[in-house]
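Each chain, written out:
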Amino acid sequence: MKKGKLLALITFTFGLILANFASAKTLTMGVRGGPDSMDPHFSALGPHAEAAKHIFDTLVWSGTNLQIEPGLATSWNPVDNDTWEFKLRKGVKFHDGSDFDAEDVKFSIERIPVVSGPTTTTIYVRRVSEVEIIDSHTIHIHTDGQAATLPNDFIRLFIVSSDAAAEYSTPETSAEGFNSGKATVGTGPYKFVSWEPKGDLILERNDDYWRGKGSWQKVIRKEIPNDSSRLAALKAGQVDVINYVSSVDYLALGKDSKIDAVKGDSVYIMNLQLDQREKTPLVRAVDGSELDKNPFRDFKVRQAIDHAIDRETMVEIVLEGLGMPANQMMPPGFFGSSEKIPMPEYNPSKSKKLLSEAGYANGFEVDLYCTSDRLPGDGAICQGLGQMLTQVGIRTNVNAISKTVYFPAYSRQEYSMFMNGWGTLTGEASYTLGGLAHSNNPDLKLGAYNRLEYKNDDVDRLLQAGAKMMDEDKRRATYEEAMEKVMADKVYISLVQLQTVWGAKAGTLEFTPRYDEDTLAFFIRSAN
């Protein structure tokens, strides 16, 4: 499957019957997850960024199929080995009427490392060593060596107002300023009105938006975590469009003429992750006694786990067909994915044999943690995975929990075995492998999401070299080799690539599914 052939590129017509002119000016969306705060620099999670895109623009825009396009920067070019020049869009206004210029870009870049939360956004500016203002609409970004993929990183570089956010740019003050609206001043298509955590985000149209006026005078994003409740709200007319229709509901909606349900391929891959520390907290013998070592450090145990997983069943039964088996941490066709990596074999007999050879003929017990409310089917995949591992002798206690609990504990390295989705939002491997597979090295600003203490010196070397290669073919080959080595180590075990379903009332609402799963009001059009 190549990106150019993705279902997510297909424009479809949703159902939306509008009762009158007034209702046509308001779009109410039911979404599974919302922001963790209104500070766009706080979290790298998808629902957080999706909400932020309504209010703030990014320096570089990521299109429907994740191609990079001009955003607040109109062009970018390397001027020497460690400097990129970005030309900024002129005539852009913040919501308070002030002018956007280079000072705001510099301020935003320098602000991120200060206010970023547990799911760090520093990954988007990790290569930046200095921001130099050339003139009001030209900046030079100096990097820590050649940085071929810097423009890709900037698709999540949200630009805030250096004036409005000036007093709200510390860990202690950022929430106060942005959650109240005092600092929530962007250049995006909608203006902030109010936000209730875990509730409604209310927005009004920015009539002076540089891309043009959106279709909706008012947008309400209702956070409804429960899949059934979200669909019930759609059927009751409480919302106009919902994201993340469950796999079970998707099949049922095929018989419902009042609701349109359309699926698109997703960038997100579900990965099982195995702690590599000498002592790991949540593994024990089957009788509850302490093990003398971490079994996940044994390659045969990791092989056994991989062979225990029936990916086809995971897709066809657990996800009701809404997905594809995955053999690596990025979708096929992405820059740095490798065609040489085989699809792992489901072989429970081999799995049991490998466990016995590793000294675990009687198996062992482990607590598996995952999210239950972040991505489609995450909790169900986790439950299915637990059953498959238990069948080969690894007694697995599944803990599918809210993302608000999961990710802080994940950041504190409290888990031994855990599963969550990762999306290669930049479309290339330096983002994924540099964040997850490089050893955690704050000095190099690599491995920020490596919570396993995984370290492969060859992988580190390849990723460091690839990050500095301006030659695209050489860089691609380097990342492919790194991906092959990471997947061969089986510390990260990729399971499935997801597909996403949106639902709306039957009628005529034009909408193009995005590969990053974002539901963005500006790009939803009423035909009425």
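Keep in mind that this is a model prediction, so the values were computed, not measured. (Residues numbered from 1 in each chain as written. Predicted model: local features only at pLDDT ≥ 70, side-chain atom pairs only at ≥ 80, totals over all residues. Heavy atoms only, no water.)

**Details of the overall build of the protein**
When you go through the protein residue by residue, the secondary structure sums to 15 helices and 21 strands. Here the protein has a C-alpha radius of gyration of 23 Å; the compact-globule value for 528 residues is 24 Å, and the two agree. Projected onto the principal axes, the alpha-carbon positions of the protein cover approximately 70 × 60 × 45 Å. Surface exposure of the protein reaches about 19,800 Å², of which carbon and sulfur atoms provide 48%. Once the 58 positive and 71 negative side-chain charges of the protein are each reduced to a mean point, those two points are 3 Å apart. (Helix = DSSP H or I, 4+ residues; strand = E, 2+ residues; numbered from the N terminus. Rg over C-alpha atoms; globule rule 2.2 N^0.38 Å. Areas by Shrake-Rupley, 256 points an atom, 1.4 Å probe, with all protein chains shown as cover. Lys, Arg positive; Asp, Glu negative; His and termini not counted. Charge placed at Lys NZ, Arg CZ, Asp CG, Glu CD.)

**Let's talk about the packing of helix H8 (residues 299–307) against helix H10 (residues 348–357)**
The N-to-C vectors of H8 and H10 enclose an angle of 165°; their axes lie 8 Å apart at closest approach. The angle between the axes of H8 and H10 places the two elements in the roughly antiparallel class. Crossing handedness for the pair H8 and H10: left-handed. For the pair formed by H8 and H10, the contact residues are Lys300, Val301, Gln303, Ala304, Ile305 and His307 on the first element and Pro348, Lys350, Ser351, Leu354, Leu355 and Glu357 on the second. (Axes fitted to C-alpha atoms, helices over the stretch in contact; angles between N-to-C directions. Parallel < 35°, antiparallel > 145°, perpendicular 65-115°, else oblique. Left-handed = near helix turned anticlockwise from the far one by under 90°. Contact = heavy atoms within 4.5 Å.)

**A look at the sheet that holds strand S6 (residues 83–88)**
Strand order in the open sheet formed by four strands is S5-S6-S8-S7, and the pairing between neighbours is antiparallel. Edge positions in the open sheet fall to strand S5 (73–80) and strand S7 (128–135), since each of these has one partner strand only. The sheet shows a mean angle of 25° between the axes of neighbouring strands, taken without regard to direction. Along the sheet, helix H3 (residues 102–115) makes contact with S6, S7 and strand S8 (138–143), crossing S7 at roughly 170°. (Pairing = 2+ DSSP bridges.)

**Here's the deal with the state of the cysteines**
By the definition in use, this model includes one disulfide. Across the disulfide, Cys370 is cross-linked to Cys382 (sulfur-sulfur distance 2.3 Å). Given an S-S torsion of about -115°, the disulfide between Cys370 and Cys382 has left-handed geometry. Of this pair, Cys370 sits in strand S16 (residues 364–371) while Cys382 sits in helix H11 (residues 378–391), placing them 12 residues apart in sequence. The burial state of Cys370 is the same as that of Cys382; both residues are buried. (Disulfide = S-S within 2.5 Å. Buried < 20%, exposed > 50% of the residue type's maximum accessible area, 1.4 Å probe, protein only.)

**Focus: the pairing of strand S18 (residues 417–423)**
The buried fraction of S18 amounts to seven of the seven residues, a majority that puts the element mostly inside the structure. What you see with S18 is no split at all: Met417, Met419, Gly421 and Gly423 on one side and Phe418, Asn420 and Trp422 on the other are buried throughout.

**Here's the deal with helix H6 (residues 227–235)**
Listing the buried residues of H6 in full gives Arg230, Leu231, Ala233 and Leu234. The buried residues of H6 occupy an angular sector of 155° when projected down its axis, which confines them to one face. Its buried side turned inward, H6 meets strand S2 (26–31), strand S12 (241–242), helix H7 (247–253), strand S13 (259–274) and strand S19 (492–505). With a side-chain oxygen lying 3.0 Å from the backbone nitrogen of Ser228, the N-terminal cap of H6 falls on Asn226. (Arc of directions from axis to C-beta. Polar contact = N/O pair within 3.5 Å; in protein donor to acceptor, adjacent residues only side chain to side chain.)

**Considerations on the pairing of strand S17 (residues 394–401)**
Two elements, S16 and S17, share eight bridges in a ladder whose sense is parallel. Within S17, the residue paired with Val366 across the bridge is Thr396.

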